[in-house]
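Structural characterization, general
Single-letter residue listing:
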Amino acid sequence: MEHEQTIPELRKADESAPKPDGSDPAAAPAAGTTPAAAEAADTATTDAAADDGAAVAAAPRGRRGRTTLLIAAAAALGVLAGAVAGYAVQYHRDPTPLPPLAQQNLVAPKALAPDDSTTNKTINANRWHKNDDDLAELLIEAPDGTKPEGKGYDSLDVFAATFERPDQAVSDLASDGFRRSATTYWSRGDRVFVEVRLIQFNDYAGAEAFQKGQASYMPAVGYAGNSGVAIPGIAGDLGHVWVDSKVHEEPGYEPVRGARAIARRGDIVMQIFYHDNRGGKIAESDVVRLAERQLERL
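Now for a look at the structure at hand. (Residues numbered from 1 in each chain as written. Predicted model: local features only at pLDDT ≥ 70, side-chain atom pairs only at ≥ 80, totals over all residues. Heavy atoms only, no water.)

**Some points on a nonpolar patch on the surface**
On the surface, L77, L80 and V84 cluster together into a nonpolar patch covering about 310 Å² of accessible area. In this structure, V84 sits in helix α2 (residues 35–91). (Patch = residues over 30% accessible without salt bridge, like charges linked within 9 Å, V, L, I, M, F, W, Y side chains within 5 Å. Areas by Shrake-Rupley, 256 points an atom, 1.4 Å probe, with all protein chains shown as cover. Salt bridge = Lys/Arg side-chain N within 4 Å of Asp/Glu carboxyl O. Helix = DSSP H or I, 4+ residues; strand = E, 2+ residues; numbered from the N terminus.)

What follows is the structure, encoded as structure tokens:
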């Protein structure tokens, strides 16, 4: 009786029991499948599982990015809504009145119609400067013991005629903004002659250009031939006095020694020409004193 176990029962037991090598029948390759195909199938299964894991892991990051974008958009809309609301509130408010002036009833001169007495000075009384007056009246008077030879204005062409190249002088003076020129002359006997000239320009720049241009060649040989001396009370680059180092001599003419002062005050350039037509010595202090007097008038 002990050997009556039927074969079907044995087959049933074989189907349900695991194989001795411990392999899983469900994982075994199907009949007719080569080992290489089985390995490829296993690789595909592993890659698919990895892709599913990556998709699962990436899903939360995508949700966080959308959340951040929504928060930023909400913040921007909040700022814009606040600005619009503030502007609307301020727009409907009444304007705040300014505080009253310290002096409410300021006294101003009554406007008058122009007549025969109206001049540039009366129209521009608050902006009128001393240099805008009659320029000839600002010239110094001839010293005692001298003979006045004349006083008045010189036009641009007349003033330019005192230069070696009058045509070039007209162009240069016009470029510098020449406005007007006034001159006074006097003499002492038949030997000493003095000329004082005031040249006014439209602005300080033109006066500065003319003054520096004239002063630049004075130390050269053929002119004063020395560096000269500064005029007391002003900077050296604003005024200087030169006395010729040598007497100028030409055949048929008396020997001449000269001295010259050039200075600027505002938009006016002062020039003083001092000549001794006997070639005598010129006291530097005399020319400096004349320059100081003229600058005081300006």
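**Observations regarding the nonpolar core**
Core analysis: the largest hydrophobic core is formed by 29 residues, its most contacted members being V194, L198, M270, I272 and Y274. Breaking this core down by element, the ones donating at least two residues are β2 (178–188), β3 (192–201), β5 (239–243), β6 (257–265), β7 (268–276) and α7 (284–297). At 5 residues, the largest contribution of residues to this core is made by α7. Listed in part, the 13 residues of the second largest apolar core include F178, F210, A215 and V269. (Core = buried A, V, L, I, M, F, W, Y, C linked by side-chain atoms within 4.5 Å. Buried < 20%, exposed > 50% of the residue type's maximum accessible area, 1.4 Å probe, protein only.)

**Things to note about the packing of aromatic side chains**
In the structure shown here, the tally under the stated rule is 7 aromatic pairs. Here the aromatic rings of F178 and F201 are separated by 6.4 Å at their centres, their planes lie at 90 degrees, and the arrangement is edge-to-face. You can see F178 sitting in strand β2 and its partner F201 sitting in strand β3, a full 23 residues away along the chain. With respect to burial, F178 and F201 carry one shared label: buried. In this structure an aromatic cluster arises from ring pairing among F159, F163, F178, F201 and F210. (Phe/Tyr/Trp six-rings, centres within 6.5 Å; stacked < 30°, edge-to-face > 60°.)

**So, helix α6 (residues 204–216)**
A rise of 1.5 Å per residue sets the reference length of α6, with its 13 residues, at 18 Å; its end C-alpha atoms lie 18 Å apart and thus fit the reference within 8%. For α6, the set of buried residues is G206, A207, F210, Q211, Q214 and A215. For α6, the angular spread of buried residues about the axis comes to 155 degrees, placing them on one side. Exposed side chains of α6 directed beyond 90 degrees from the buried face belong to A205 and S216. In the core, the buried residues of α6 are packed alongside α4 (156–160), α5 (166–176), β3, β5, β6 and β7. (Expected span 1.5 Å × (residues − 1). Arc of directions from axis to C-beta. Contact = heavy atoms within 4.5 Å.)

**Side note on the pairing of β5**
Of all 5 residues making up β5, 5 are buried, and the element is well covered by its neighbours. Sheet topology places strand β4 (residues 229–230) next to β5; 2 bridges connect them, and they run antiparallel. In the strand pairing of β5, A230 is matched with H240. Across 5 bridges, the pairing between β5 and β6 is antiparallel. Bridge pairing links G239 to A263 in β6. (Pairing = 2+ DSSP bridges.)

**Here we look at the sheet that holds β2**
Paired through their backbone hydrogen bonds, the strands of a sheet run either parallel or antiparallel. Taking strand neighbours across the sheet as the criterion, the 7 strands line up as β1-β2-β3-β7-β6-β5-β4 in an open arrangement whose pairing is antiparallel. The open sheet has two free edges, formed respectively by β1 (147–154) and β4, since each of these has just one partner strand. α6 rests against β3, β5, β6 and β7 of the sheet, and its axis sits at about 155 degrees to β6. In this fold α7 packs onto β2, β3, β4, β5, β6 and β7, with an angle of close to 150 degrees to the strand it touches most, β7. (Axes fitted to C-alpha atoms, helices over the stretch in contact; angles between N-to-C directions.)

**A look at the layout of surface pockets**
Here the largest pocket defines a volume of roughly 1,000 Å³. What lines the largest pocket is a set of 37 residues, and nearest its centre among them are T162, Y217, Y223, R260 and F273. Of all elements in the fold, only α5, β3, α6, β6 and β7 reach the threshold of two or more residues within the lining of the largest pocket. Broken down by element, the lining of the largest pocket gets its largest block of residues, 5 residues, from α5. (1 Å grid on protein atoms, 1.4 Å probe; cavity = no way out; pocket = protein on both sides within 12 Å on 5 of 7 lines; lining within 4 Å. Points joined across faces, edges and corners; volume = space filled by probe spheres on them.)

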